Amino acid sequence: MKHLKSKQINKSKLGILQILWKSSLIIGLSACSSPANKEDTAITKGEKIMLNELYEVKTISGQAVMTEKIVLKYFFIGMHKQDVLARLRDMGLKYAEEGKEDAITVLHQSKPAYTPGSKTLEIEFYFNNDELMRIFSRVYNTI
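Okay, so let's go over this structure. (Residues numbered from 1 in each chain as written. Predicted model: local features only at pLDDT ≥ 70, side-chain atom pairs only at ≥ 80, totals over all residues. Heavy atoms only, no water.)

## Here we look at the overall build of the chain
Then, number 1: A tally of helices and strands in the chain yields five helices and five strands.
Then, number 2: Mapped in sequence order, the helices and strands of the chain form the string α-α-α-β-α-α-β-β-β-β.
Then, number 3: Across the 143 residues that make up the chain, the buried fraction comes to 27%.
Then, number 4: Within the chain, counting contacts between residues at least 6 apart in sequence, those at least 24 apart form 49% of the total.
Then, number 5: Accessible surface for the chain amounts to roughly 9900 Å². Of this, 58% is attributable to carbon and sulfur atoms. (Helix = DSSP H or I, 4+ residues; strand = E, 2+ residues; numbered from the N terminus. Buried < 20%, exposed > 50% of the residue type's maximum accessible area, 1.4 Å probe, protein only. Contact = heavy atoms within 4.5 Å. Areas by Shrake-Rupley, 256 points an atom, 1.4 Å probe, with all protein chains shown as cover.)

Set out below in structure tokens:
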């Protein structure tokens with residue numbers, strides 16, 4: 001009788017361990033699908049999340065809105081110039097390199113020029129020894 005009870009206790013302990021293991025697995029998998037991880041993955045896949053966020057900024061005709069804080073979510077001070085260029089390419093953004101100031105300029109329009117509601121994005125990345133030192137970014141209405 002004693003032997004039978006110990007087997008039942010061991011089975012119940014095993015059942016509890018299985019439940020705990022499955023719970024930890026579910027928690028781990030749900031952490032992998034958090035919005036922050038999706039955003040990081042989207043950036044590396046070249047998604048235009050940053051552009052969507054920038055173009056959602058409310059603008060007033062004739063006034064530019066400074067948007068450095070948004071750009072700094074996707075690029076960071078100290079980032080290597082080649083990494084900035086690679087990320088811009090991944091995002092599908094065209095850029096021009098300014099040799100004298102060691103700067104990169106991005107100009108992008110949300111819609112074709114002279115289309116109602118069209119906005120223009122201007123981002124300038126300034127480097128020193130190929131490290132990102134400063135970002136200037138603004139969005140304004142095209143017309």
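## Description of the packing of aromatic side chains
One pair of aromatic rings is described through two measures. These are the centre distance and the angle between the planes.
Then, number 1: As enumerated under the stated definition, the model contains one aromatic pair in all.
Then, number 2: The cationic tip of Arg87 hangs over the ring face of Phe75; the distance from NZ or CZ to the ring centre is 5.8 Å. (Phe/Tyr/Trp six-rings, centres within 6.5 Å; stacked < 30°, edge-to-face > 60°. Lys NZ or Arg CZ within 6 Å of the ring centre and 35° of its normal.)

## Topic: the pairing of strand β5 (residues 131-141)
Then, number 1: Both strand β1 (residues 65-66) and β5 contribute to a ladder of two bridges, which runs antiparallel. Note that in β5 the partner of Val65 across the bridge is Val139.
Then, number 2: Where strand β4 (residues 119-128) meets β5, 10 bridges bridge the pair, whose relative direction is antiparallel. The residue bridging Lys119 from the neighbouring strand is Asn141, located in β5.
Then, number 3: What sits between the antiparallel neighbours β4 and β5 is a turn of two residues, in which Asn129 has the positive phi angle 55 degrees. (Pairing = 2+ DSSP bridges.)

## Some thoughts on helix α5 (residues 81-90)
Then, number 1: Considered for burial, the residues of α5 that qualify are Lys81, Val84, Leu85 and Leu88. Take α5 and look down its axis: the buried residues cluster within an arc of 95 degrees, on one side only.
Then, number 2: Here the buried face of α5 lies against β2 (96-98), β3 (103-109), β4 and β5.
Then, number 3: Following α5 by one or two positions, Gly92 adopts a phi angle in the positive range, close to 75 degrees. (Arc of directions from axis to C-beta.)

## Quick notes on the sheet that holds β3
Then, number 1: An order of β1-β5-β4-β3-β2 is seen for the five strands of this open sheet, with the pairing classed as antiparallel. Because the sheet does not close on itself, it has two edges, and the strands there are β1 and β2.
Then, number 2: Strand contacts of α5: β2, β3, β4 and β5, with the helix running at about 15 degrees to β3, the strand carrying the most contacts. (Axes fitted to C-alpha atoms, helices over the stretch in contact; angles between N-to-C directions.)

Honestly, that's just the spatial picture; any functional story needs more than this.
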